[in-house]
Amino acid sequence: MEQKNGENFRLFCFFWVFFFAYTTTLDVPKVQAQPSTVGYNCTAANQSSYPCETYVFYRATSPNFLDLASVGDLFSVSRLMIADPSNITSPASPLLPNQSLFVPIKCGCNRVSSNLTISYAALNHTIKSGDTFYRLSTESFGNLTTFQSVEVVNPSFVPTQLEPGDVITFPIFCRCPNSTQLGNQVNFVITYVFQNSDNISSIASMFGTTTQSIIAANENTTFSPMDTVFVPVSKLPNLTQPVVPPIAPEKIERKGAIIGLGIGLGICGLLLALVSGAWIYRESSMKKKGKNYRDEEKHHGHHQLQKGDSRLMKPEEVSLMADVSGCLDKYRVFGTDELREATDGFDERWIIQGSVYKGCIDDEWFAIKKMKWNAYEELKILQKVNHGNLVKLEGFCVDREGANCYLVYEYVENGSLHSWLHDDKPEKPSWKTRLRIAIDVANGLQYIHEHTRPKVVHKDIKSSNILLDANMRAKIANFGLAKSGCNAITMHIVGTQGYIAPEYLADGVVSTKMDVFSFGVVLLELISGREAVDEHGNVLWATAGEVFERRSTKMRGWIDRCLVNEPIDSVVSVMAVAVACLNRDPAKRPSMVEIVYALSKSDEMDVSEEGFSPRQVDAR
């Protein structure tokens, strides 16, 4: 009996040792690396696939992000760029809380320190009163980033000392497909935020992929709510969108009031026309054909043309009115009297440049562009672009009386880059500032070239169309010549001498590469401090290649005098980009994606406000 009890005891001990070892083995995955709060490394194995276009899975949130316009503003994309992949047929419709969206982003491999390179989409966000890194990361961006990562990417900002107007880069976590995934027909790695009710199987089912591919794409196999999950897919799944309830009563009332006002004005116009006709008939029957009668008849005819219906409107007026009708939900509609009061009746002393006026409305400054009935093309393009490096359209005004249209833009405090480089300023921009301006402009061009459908060609990139805000960050302005679509031919050549690409000047070829050429000229202005065309009519870009080839002997004498005492490495690096942009063969010019990457590498040199050192942070 004792022997049997001893055997049972040994079996009991063996069982518990085995159970402990087995459960310890099962727990191994639970102690694997958890989702990063700082970011995800770009490994050497897959850096060749960066940058890439991918998507984040975003949920509409109340109260600030319940329409595509506000979500588009947050991610610097247009409504259509979200509506198409998200299976939304009416981009102007409101969203429901927690409604699913696919938002496109540009994922890049970014060096944030000497030993940390992470992949993220850099989104610039202007701080407003009450904003914090934590609140914006969790509420606005829906945990697609973390406040720790925001702090790492913005080392010059103290999280507890943010000021309204500060421009912060929010790193949206993302990944590009590696070589193995590309071989398995993976086209996108979608960024998804894990929810309470989720598990890997449910996520795989939602996106039409496998649990194995999700496990392989992530550094851990256990997730907690709000963790980042990378989901590899060959194509975007078809989102089933809910039926959105009717527009709120107050919006219906407002729309009804507008329609009622329009009908009332139409009836008044008709009655006015009948009364005028009867009056004219009476006067003619009384044979009053004197000069005063003829003058008054002429006046009434002109009045009728201005007040008439769409049958009397010019085609471009009809087109503008049709385009304006789709903007009422996104832009502020200003009154003509409101703009006249803001500019003291469009007094000359408020002119910024050309027909652009500075005006103050409700204690806020705006730039007001006065145009005739030719704004519909510019307005059509401005509706679908939204980026921190493009001047933002705030609203518009249609003046039928004066046959004018007014586009109201944000006011950019520090004026044009041209004035800072070429006018008598007490202080010229430092090299660090100039390089950041170049990167800002490149980012804006990359957005309109790569993230709009169809692509937008600006056609008038020049230093006077680049505006600088209070922090000397650059914004591209004036889309008056811009064109949707590219690789077209036109016989109507427009632009500014010194910036026009040779193929456009000779053959009228419109493509994104003409913007690349003009950007190359702007880079030369930043480097040399010289005008694009000198007083003798010589273009600046004509000698750039020779100067670059003989940089050891000519460069010091060619660059801006403000930069001659600085080490030359970063300047030469940017000069190389400029020369590549100015290649006479458009096919050999770099894309804006390549340019942004090259300029960012130049920015990685050890640059300070006073100057820069030739030491490079990254030796690759």
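Residues numbered from 1 in each chain as written. Predicted model: local features only at pLDDT ≥ 70, side-chain atom pairs only at ≥ 80, totals over all residues. Heavy atoms only, no water.

Enquirer: Could you clarify how one ought to interpret the pattern of salt bridges in this entry?
Expert: Pairs can form between side chains of opposite charge once their charged atoms are near each other. Taken as a whole, this structure holds 13 salt bridges when the rule is applied. One salt bridge connects Arg-349 with Asp-344, and the closest N-O pair in it is separated by 2.5 Å. Residue classification places Asp-344 among the partly exposed residues on the basis of a relative accessible area of 41%. The salt bridge partner of Lys-475 is Glu-410, with a shortest N-O separation of 3.6 Å. Taken as a pair, Lys-475 in strand β16 (residues 474–476) and Glu-410 in strand β13 (residues 404–410) lie far apart in primary sequence, 65 residues in all. Classification of Lys-475 by relative accessible area gives buried; the value is 13%. Look at the salt bridges and you will find they share partners, linking Glu-53, Lys-106 and Arg-453 into a network. (Salt bridge = Lys/Arg side-chain N within 4 Å of Asp/Glu carboxyl O. Buried < 20%, exposed > 50% of the residue type's maximum accessible area, 1.4 Å probe, protein only. Helix = DSSP H or I, 4+ residues; strand = E, 2+ residues; numbered from the N terminus.)

Enquirer: What exactly am I supposed to notice about the side chain of Arg-434 here?
Expert: Within the secondary structure layout, Arg-434 lies in helix α15 (residues 431–450). Within the structure, Arg-434 has its side chain in polar contact with the side chain of Asp-560 (distance 2.9 Å). In this view, Arg-434 contacts Leu-421, Lys-428, Pro-429, Leu-526, Asp-560, Cys-562 and Leu-563; residues no more than four positions away in its chain are not counted. (Polar contact = N/O pair within 3.5 Å; in protein donor to acceptor, adjacent residues only side chain to side chain. Contact = heavy atoms within 4.5 Å.)

Enquirer: Sorry, what's going on with the sheet that holds β13 here?
Expert: Within a sheet, neighbouring strands are paired by backbone hydrogen bonds and run either parallel or antiparallel to one another. Across the sheet, which stays open at both edges, the 6 strands sit in the order β8-β12-β13-β11-β10-β9 with mixed pairing between neighbours. On the outer flanks of this sheet lie β8 (332–333) and β9 (351–353), each paired with one strand and no other. Sheet topology note: the strand β12 (residues 393–399)/β13 ladder contains 6 bridges and is antiparallel. For Val-398, the partnering residue across the bridge sits in β13 and is Cys-405. (Pairing = 2+ DSSP bridges.)

Enquirer: Before we go on, may I ask you to explain helix α7 (residues 200–207) in this structure?
Expert: Turn by turn, an α-helix covers 3.6 residues, leaving residues three or four places apart pointing in a common direction. Within the span of α7, buried status applies to Ile-200, Ile-203, Ala-204 and Phe-207. When α7 is viewed along its axis, its buried side chains cluster within an angular range of 100° and face the same direction. Against the buried residues of α7 lie β2 (52–59), β3 (100–113), β6 (188–193), α8 (211–217) and β7 (228–233). One side-chain oxygen at the N-terminal end of α7 lies 3.0 Å from the backbone nitrogen of Ser-201; it belongs to Asn-199. (Arc of directions from axis to C-beta.)

Enquirer: Which parts of the structure should I look at to understand unusual backbone geometry?
Expert: A negative phi angle characterises most non-glycine residues, just as the trans form characterises most peptide bonds. The omega angle of the peptide bond from Ser-62 to Pro-63 is 5°, so this bond is cis rather than trans. Secondary-structure assignment places Pro-63 in the loop between β2 and α2 (68–75). Pro-454 follows Arg-453 through a cis peptide bond whose omega is -5°. Within the fold, Pro-454 resides in the loop between α15 and β14 (456–457). We note that Phe-346 has phi near 55°; this positive angle belongs to a residue other than glycine. Structurally, Phe-346 is set in the loop between α12 (336–342) and β9. Judged by relative accessible area, Phe-346 falls into the buried class, the value being 11%.

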